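This is what each chain is made of:
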Amino acid sequence: MKFISIANQKGGVGKTTTAINLSACLAEKGFSTLLVDVDPQSNATSGVGFSIDSGKSLYPVLTGEKKLQEQIISTPYMNLELIPSNLELANWENETSEGPDSFSLFRKLFRHSLANTSYQYVILDCPPALGLLMVNSMVAADWLIIPIQCEYYALEGLAKMFRLLENLKKFVPFPPSILGILLTMYDSRTNLCQQVVEDVRKHIPDLVFNTIIPRTVRLAEAPSYGKPITLYDPSSTGCVSYRKFTLEFLEKLK
């Protein structure tokens, strides 16, 4: 079982889109996959067709009221299951004291609760705000994927993520490693996007995935229909790109 967090402190970079569609592509290839929505905004939950009023989330697990397995729900997609989120999850950060021990709570919880399950991949969609939810989601993972939008502030956002990882190494015994940086929302018509791709690959060539996710209408539409792109439009450019990215992801993990 491999734990993968999709993380970036900056919002609007394709983080949830990547979490949903990587999970769907892995499930499509026959891998038993659990998608965990750790963002109180619940976009990953609605993006695979579930209401935020399902009553299930990590919150009652973190408060000791429920078992983790009780919060897992089946999706309409073979090999893909979900732990939803809702706004209640935001309360946990306010109720929990921050300290070195609090950074590893998710890691202990997931590894203990899922030890006897058959999941091959657990994908965590992190919230886009630095706090206990995001830090715990990162520390719970073996590997991080950092999506960055092809825009002017891309490298600045990356620098913040690198500093956060360096700080985590001081407090947790098992800090996650970066599997790769995924360039998203690429528009080949703009010089800026092309320049950002060149700059990122120049500064950190070994960490950048070869696959680039384009900005497409179909990718933007899919969440409003509660479907991953593999179901919404399997022949679209966005779907082809995420399938290609999934193959590269699997190759990197070998």
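This structure is a prediction, so every number in the text was calculated from the model and none was measured.

### What to know about the nonpolar core
Then, number 1: Counting 50 residues, the largest nonpolar core has Val36, Leu58, Phe110, Leu114 and Met138 as the members making the most contacts within it.
Then, number 2: Setting aside residues no more than four positions away along its own chain, Phe110 makes contact with Phe3, Val36, Leu58, Leu68, Ile83, Ala115, Leu124 and Ala140.
Then, number 3: Ranked by size, the runner-up nonpolar core spans 32 residues in total, among them Ile20, Leu35, Tyr121 and Tyr232.

### Here we look at the packing of helix H7 (residues 154-168) against helix H8 (residues 191-203)
Then, number 1: Relative to each other, H7 and H8 sit at 35°, their axes nearing to 10 Å. Facing Ala154, Leu155 and Leu158 of H7, the residues of H8 in contact are Val196, Asp199, Val200 and His203.
Then, number 2: Residues belonging to the contact of H7 with H8 are distributed by class as follows: five nonpolar, one polar and one charged.

### Side note on the side chain of Ser5
Then, number 1: Structurally, the position occupied by Ser5 is in strand S1 (residues 2-6).
Then, number 2: Of note is the side chain of Ser5, whose polar atom sits 2.4 Å from the backbone oxygen of Ser137.
Then, number 3: Non-local contacts of Ser5, meaning those with residues more than four positions away in its chain, are made with Leu124, Cys126, Ser137, Met138, Ala141, Trp143, Leu144 and Ile145.

### What to know about the pairing of strand S5 (residues 121-125)
Then, number 1: Most of S5 sits out of view: five of its five residues are buried.
Then, number 2: Of the two faces of S5, the one holding Tyr121, Ile123 and Asp125 and the one holding Val122 and Leu124 are both buried throughout.
Then, number 3: Bridge analysis of S1 against S5 gives five bridges, and the strand direction is parallel. Each residue of the ladder has a partner; that of Ser5, found in S5, is Leu124.
Then, number 4: As paired strands, strand S2 (residues 33-37) and S5 are joined by five bridges and run parallel to one another. When the bridges of S5 are listed, Val36 appears paired with Leu124.

### Considerations on the side chain of Ser85
Then, number 1: Looking at where Ser85 falls in the secondary structure, it is placed in the loop between strand S4 (80-83) and helix H4 (90-95).
Then, number 2: Look at Ser85 and you get buried, because its relative accessible area is 0%.
Then, number 3: Here Ser85 is in contact with Asp37, Asp39, Pro40, Ser42, Thr45, Ile52, Lys56 and Ser57, once residues within four sequence places are set aside.

### Quick word on the packing of aromatic side chains
Then, number 1: Applying the stated criterion to the full structure yields nine aromatic pairs.
Then, number 2: Ring geometry for Phe3 versus Phe110: centroids 6.4 Å apart, planes at 45°, classification tilted. Taken as a pair, Phe3 in strand S1 and Phe110 in helix H5 (residues 105-113) lie far apart in primary sequence, 107 residues in all. Across this residue pair, the class does not change: Phe3 and Phe110 are buried.
Then, number 3: Ring pairing ties together the aromatic residues Phe3, Trp92, Phe106 and Phe110, which thus form one cluster.
Then, number 4: Between Lys252 and the ring centre of Phe209, over which it is positioned, the NZ or CZ distance is 5.3 Å.

### Observations regarding the environment of Asn86
Then, number 1: Here Asn86 shows up in the loop between S4 and H4.
Then, number 2: Each C-alpha atom of the pair Asn86 and Thr45 lies 8.4 Å from the other, and the pair is 41 residues apart in sequence.
Then, number 3: Setting aside residues no more than four positions away along its own chain, Asn86 makes contact with Pro40, Ser42, Ile52, Gly55, Lys56 and Ser57.
Then, number 4: Here Glu88 takes part through its backbone nitrogen, which lies 3.1 Å from a polar atom of the side chain of Asn86.

### Observations concerning unusual backbone geometry
Then, number 1: The backbone of Ser42 sits at a positive phi, close to 65°, despite the residue not being glycine.
Then, number 2: Locating Ser42 in the fold gives a position in the loop between S2 and helix H2 (43-47).
Then, number 3: With a phi angle near 75°, Asn79 is a residue other than glycine that sits in the positive phi range.
Then, number 4: Residue placement: Asn79 occurs in the loop between strand S3 (73-74) and S4.

### Observations concerning helix H6 (residues 132-139)
Then, number 1: Within H6, eight of the eight residues are buried, which leaves the element mostly enclosed by the surrounding structure.
Then, number 2: Listing the buried residues of H6 in full gives Leu132, Leu133, Met134, Val135, Asn136, Ser137, Met138 and Val139.
Then, number 3: Here the buried face of H6 lies against S1, H4, H5, S5, strand S6 (143-149) and H7.

Here is what the cut-offs are and how they apply
Residues numbered from 1 in each chain as written. Predicted model: local features only at pLDDT ≥ 70, side-chain atom pairs only at ≥ 80, totals over all residues. Heavy atoms only, no water. Core = buried A, V, L, I, M, F, W, Y, C linked by side-chain atoms within 4.5 Å. Buried < 20%, exposed > 50% of the residue type's maximum accessible area, 1.4 Å probe, protein only. Contact = heavy atoms within 4.5 Å. Axes fitted to C-alpha atoms, helices over the stretch in contact; angles between N-to-C directions. Helix = DSSP H or I, 4+ residues; strand = E, 2+ residues; numbered from the N terminus. Nonpolar A, V, L, I, M, F, W, Y, C, P; charged D, E, K, R; others polar. Polar contact = N/O pair within 3.5 Å; in protein donor to acceptor, adjacent residues only side chain to side chain. Pairing = 2+ DSSP bridges. Phe/Tyr/Trp six-rings, centres within 6.5 Å; stacked < 30°, edge-to-face > 60°. Lys NZ or Arg CZ within 6 Å of the ring centre and 35° of its normal.

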